[in-house]
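Reading the structure
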Amino acid sequence: MPDDHRRLARAVHQPALVRLHRALSRLPSVLTVMNTGAHPDDEHNGLLAALRFAYGMRIVVACSTRGEGGQNALGPERGGALGVLRTAEMEESARRIDADVAWLGHGPDDPVHDFGFSKNGHDTLRRWGEERIIERLVRAYRRYRPDIVLPTFLDVPGQHGHHRAMTRAAETALVLAADPSAFPEHAQQGLAPWQVSKFYLPAWSGASYAYDDEVPPPPITLSVRISGGDAVTGLAYRQLGEWSRAAHASQGMGVWRDKPVDQWSLHLKLLVGASPGAEQDIRDNLPAGIGDLAALPGVRDAAGAALREAQERIDAAMAAFPDREAVSESLATAARLIEDARNGMDRPALDQVGHRLARKLREIDAALFEAHVKTARAVFQGASHPGAEMVLDAAVDAPGLADLTIAPRLPEGVEAAEVSREPGHVRYAITLPETAPHTGNYPDAFDPLGGSGPAGIRIAGTLHGRSIGIDLDPEEPFTIGPQQSLSVDPAFAILRINEPVSALRVRTLGANPTDWQVPQGWSVGQQDGDWTIDPPHRPEPGLSRLIPVVGGRPASSAQTIAYPHIRPVSFAAPAEFKVLTLDVALPNGARIGYVGGGSDNVGQHMRRLGLDVTDLAEADLKDGSLAAFTTIVIGIFAFGLRRDLQAATERLHRFVEEGGHLVTLYHRPTDGWDSDRTPPRRLVIGSPSLRWRVTDPDAPVNVLKPDSPLLNAPNRIGESDWAGWDKERGLYFAADYDPAYEELLSLSDPGENPLKGSLISARIGRGRHTHVALVLHHQLDKLVPGAFRLLANLVQPA
């Protein structure tokens, strides 16, 4: 629950007049645009902001994955937890431009997930299941009924395979969505066939530091130009789009543009009923406003007249802003006229325009509410687990809204009993049944008009003799989680073969286990409040999992993911303690300084391995004695995340010259990496990254320098060390570098030329610099044995 300061800040930054203006700005259009993409942050935020706030269109982002296979520039979340964070970021991004979100994938356990970078759309569709992703897009088309579909990227070589797959599937789904024989089970769920009218492609290249479209973009058929900018903020829509993109902070998105131009070039590929050609306006050949529906075939004269008059009343309401009473009277009249028109239509006409009328009435209700409400909030208080009792506190201050009612919206089986009521304020006791299922980590959709998530409140009342109703979501998402959360500290341990086997000591936080599920030969006991885990006398190499049990069931670990730019969200996962047993030797005399940027766990992994590791803070880099270390390891992205590290570049260079070993883990060109100044010798990171990465985790590794000490001491790196890698081999390979650097490895994706910049090392003065573009940090997180053996070699003294 937000504290008073956060609640006050939220209220002040969402003034009532701004909320009313935004609500009114929905009303001019009856059109819906859907933008399809593969990851949170793929959306065309600037264009979507323009279509929403300049034209009043409903905008929907259809996203196939949660981005769980990506990177995190903010903190430690990886995999499923990162997917939860990026889902929350996508919802916040959508909230800033008033967009719906339709999720097509449901996290890492769903076939449609972010499995890492792909260079091939065919491979992506094979892994997702082509029919599966198409069916989900057809479902989204039938649910949201977009008039326009616009993929973010082109399906061309040089583009991310996930992007290519989504663009291809989006086009394939167009015909199927209109075909009653395609996915007939949708009809049982109330989803009727729907014909999308227009399908656009971006008429610009998707090339960037990451991608490299090989084919020129299609010809421009429409240039969307909007002048004047956003009336509320004074920003250009591109700039407003960057504010939306800034919500994707884990991906480093959002930039200030000094001279943004609100212009976007599009290519109309498909137009229902005609040949696509040049256009003057994206709304050409479509009913732009409620009054334009009067001209559609099948709309009778009386209904058409009512719709045209409703358009006049909507225009009058917008012109009357900020006069709340005048706005309210005009909108109430418009709503009655739309209802009269709907009541006068036959079934064929309703099938054609009924969804537009229902949407407009919902938007008018939201605007009427904003014209009268001062504050409204819903807060769930207390623990939310099966069998729990909670309190729902709802408060609405809306002068002029007669017959006010506040009713809870709850999951099936959850009961509510009113415990107190006074004008505009009601409290409910909420009882969660023992059998209540846990809320999933990944919501199915986001609706800026409310009704998102499993619970909230429904507010109803009477204005100008007409009933209105709106949905209000709680201040923070309602979730049902495990009754007792348990986490194990540490979460994993490493046993080195040929070292004496001793008991492992772990602590459980939260719930207290009643038992453990352990592999054969392992045993668990308690000592001084901690748990001692005794391995077998001679443990087998590989990964062992020990599962704590609470109340007869495997325990779960629940955590809250909270950052200033998102609303706090919950993530639940099975609790376990992992032990990796492997044959690994440590370098003699290695004293390691680690400079992390918060984007990897390499420092922790080195400690678990048994290495002597010190985290280097700003003071250490500025004034500390670097000579105390044999090796300094720079974590991924760290030069872009730590200014103190950038300022210490010359000291690091001297450290190398005087005999130290500097190890830099992979960086992007945008991570504060100056090819001539950051490394001790010139080293250029390849761009676009698509050309300088190997996405096949099983790609053969050719050793170019078999005698290199980095591949032989203290562990001889062999073929088995490259087995079992996850997601990919590496990315952001070095593309050009000083002749002092030796290329140690050569590897490539199938059918591509070999790349030699994944692992390079140079003798410099009395020391050494080694640059690692392998995704070593990810393999360590996945407890891949060969990654730990290679790491032990890489941190050896120079």
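Higher on the page you've got the structure.
What counts, and at which threshold
- Residues numbered from 1 in each chain as written.
- Predicted model: local features only at pLDDT ≥ 70, side-chain atom pairs only at ≥ 80, totals over all residues.
- Heavy atoms only, no water.
- Helix = DSSP H or I, 4+ residues; strand = E, 2+ residues; numbered from the N terminus.
- Rg over C-alpha atoms; globule rule 2.2 N^0.38 Å.
- Areas by Shrake-Rupley, 256 points an atom, 1.4 Å probe, with all protein chains shown as cover.
- Pairing = 2+ DSSP bridges.
- Axes fitted to C-alpha atoms, helices over the stretch in contact; angles between N-to-C directions.
- Buried < 20%, exposed > 50% of the residue type's maximum accessible area, 1.4 Å probe, protein only.
- Contact = heavy atoms within 4.5 Å.
- Parallel < 35°, antiparallel > 145°, perpendicular 65-115°, else oblique.
- Left-handed = near helix turned anticlockwise from the far one by under 90°.
- Salt bridge = Lys/Arg side-chain N within 4 Å of Asp/Glu carboxyl O.
- Arc of directions from axis to C-beta.
- Lys, Arg positive; Asp, Glu negative; His and termini not counted.
- Polar contact = N/O pair within 3.5 Å; in protein donor to acceptor, adjacent residues only side chain to side chain.
- Phe/Tyr/Trp six-rings, centres within 6.5 Å; stacked < 30°, edge-to-face > 60°.

1. Some points on the overall build of the protein
The secondary structure content of the protein amounts to 18 helices and 37 strands. In terms of C-alpha radius of gyration, the protein reaches 29 Å, essentially the compact-globule figure of 28 Å for 798 residues. Dimensions of the protein, computed from the C-alpha atoms along their principal axes, are close to 90 × 65 × 55 Å. Of the roughly 32,800 Å² that the protein leaves accessible, carbon and sulfur atoms contribute 48%.

2. Some details on the sheet that holds strand β34 (residues 741-743)
Across the sheet, which stays open at both edges, the seven strands sit in the order β28-β27-β29-β30-β37-β36-β34 with mixed pairing between neighbours. Because the sheet does not close on itself, it has two edges, and the strands there are β28 (612-615) and β34. Across the sheet, the axes of successive neighbouring strands diverge by a mean angle of 20°, strand direction being ignored. Sheet topology note: the strand β29 (residues 631-634)/strand β30 (residues 661-665) ladder contains four bridges and is parallel. Residue pairing for β30: V633 is matched across the bridge by V663.

3. Observations concerning the environment of A73
As for its placement among the helices and strands, A73 is situated in the loop between β2 (58-63) and α4 (79-97). We classify A73 as buried; its relative accessible area is 14%. The sequence separation of A73 and L641 amounts to 568 residues, and the corresponding C-alpha distance is 8.0 Å. Once residues lying within four places of it in the same chain are set aside, the contact partners of A73 are A249, S250, S599 and L641.

4. A word on the packing of α4 against helix α8 (residues 237-245)
With their axes 8 Å apart at the nearest point, α4 and α8 run at an angle of 150° to one another. The orientation of α4 relative to α8 falls into the category roughly antiparallel. By crossing handedness, the relation of α4 to α8 is classed as right-handed. Of the residues in α8, those touching α4 at S93, R96 and I97 are L240, W243, S244 and R245.

5. Description of the pattern of salt bridges
For the structure shown, the criterion picks out 50 salt bridges. With its nearest N and O atoms 2.9 Å apart, the salt bridge here joins D155 to R168. Taken as a pair, D155 in the loop between β4 (148-151) and α7 (161-177) and R168 in helix α7 lie far apart in primary sequence, 13 residues in all. By relative accessible area, D155 is classed as partly exposed at 29%. The residue D281 makes a salt bridge to R283 at a minimum N-O spacing of 2.9 Å. Under the relative-accessibility criterion, D281 is labelled buried at 18%. Given a relative accessible area of 25%, R283 falls into the partly exposed group. Residues participating in the shared-partner salt-bridge network are R505, R507, D528 and D530.

6. Structural notes on helix α16 (residues 649-657)
Considered for burial, the residues of α16 that qualify are T649, L652, H653, F655 and V656. Seen end-on, α16 carries its buried residues on one side only, within an arc spanning 155°. Downstream of α16 by a residue or two, G659 has a phi angle that is positive, lying close to 120°.

7. With respect to the side chain of D42
Tracing the sequence through the fold places D42 in the loop between β1 (32-37) and α3 (45-53). Buried charge D42 goes without a salt bridge, the closest partner of opposite sign being R86 at 6.3 Å. In this structure the side chain of D42 is engaged in a polar contact, spanning 2.9 Å, whose partner is the backbone nitrogen of A38. Engagement of the side chain of D42 in a polar contact is seen with the side chain of H163, the distance being 3.2 Å. If near-sequence neighbours (up to four positions away) are discounted, D42 is found in contact with G37, T152, F153 and H163.

8. Considering the environment of H425
Tracing the backbone through its elements, the reader meets H425 in strand β12 (residues 425-431). Residues within four places of H425 in sequence aside, it is in contact with D393, A394, A395 and S420. Reaching out from H425, the side chain makes a polar contact with the side chain of D393 at a distance of 3.0 Å.

9. Here's the deal with the packing of aromatic side chains
Within the structure shown, the criterion is met by seven aromatic pairs. Taken together, a centroid distance of 4.7 Å and an interplanar angle of 50° make the contact between F380 and F478 tilted. In this pair, F380 sits in strand β8 (residues 375-381) while F478 sits in the loop between β15 (466-472) and β16 (486-489), placing the two residues 98 residues apart along the sequence. Taking the centre distance of 5.7 Å and the plane angle of 15° together, the rings of Y666 and Y732 count as stacked. Of the two residues, Y666 sits in the loop between β30 and β31 (683-685) while Y732 sits in the loop between β32 (701-703) and β33 (734-737), which places them 66 residues apart along the sequence. Its relative accessible area of 5% is what places Y732 among the buried residues. Members of the aromatic cluster, each reached through a chain of ring pairs, are F637, Y666 and Y732.

10. Details of the sheet that holds β12
Adjacent strands of a sheet form backbone hydrogen bonds with each other and so pair up, either parallel or antiparallel. What the four strands build is an open sheet, ordered β8-β9-β12-β11; its pairing is antiparallel. Single-partner strands in this sheet number two, and they are β8 and β11 (415-422). Geometrically, the sheet is characterised by an average inter-axis angle of 15° between neighbouring strands, direction not taken into account. Here strand β9 (residues 389-397) pairs with β12 via seven bridges, running antiparallel.

11. Focus on the pairing of β11
When β11 meets β12, the two strands line up antiparallel, connected through seven bridges. Bridging from a neighbouring strand, E418 pairs with Y428 of β12.

12. A few points about unusual backbone geometry
With an omega of 10°, the peptide bond running from F321 to P322 counts as cis. The residue after D489, namely P490, is reached through a cis peptide bond having omega 0°. Among the structural elements, P490 can be located in the loop between β16 and β17 (492-496). Even without glycine at this site, D41 takes up a positive phi of about 100°. As for its position among the elements, D41 is in the loop between β1 and α3. Owing to a relative accessible area of 11%, D41 belongs among the buried residues under this scheme. The phi angle at F183 is positive, at roughly 50°, despite the residue not being glycine. The exposure class of F183 is buried, given its relative accessible area of 14%.

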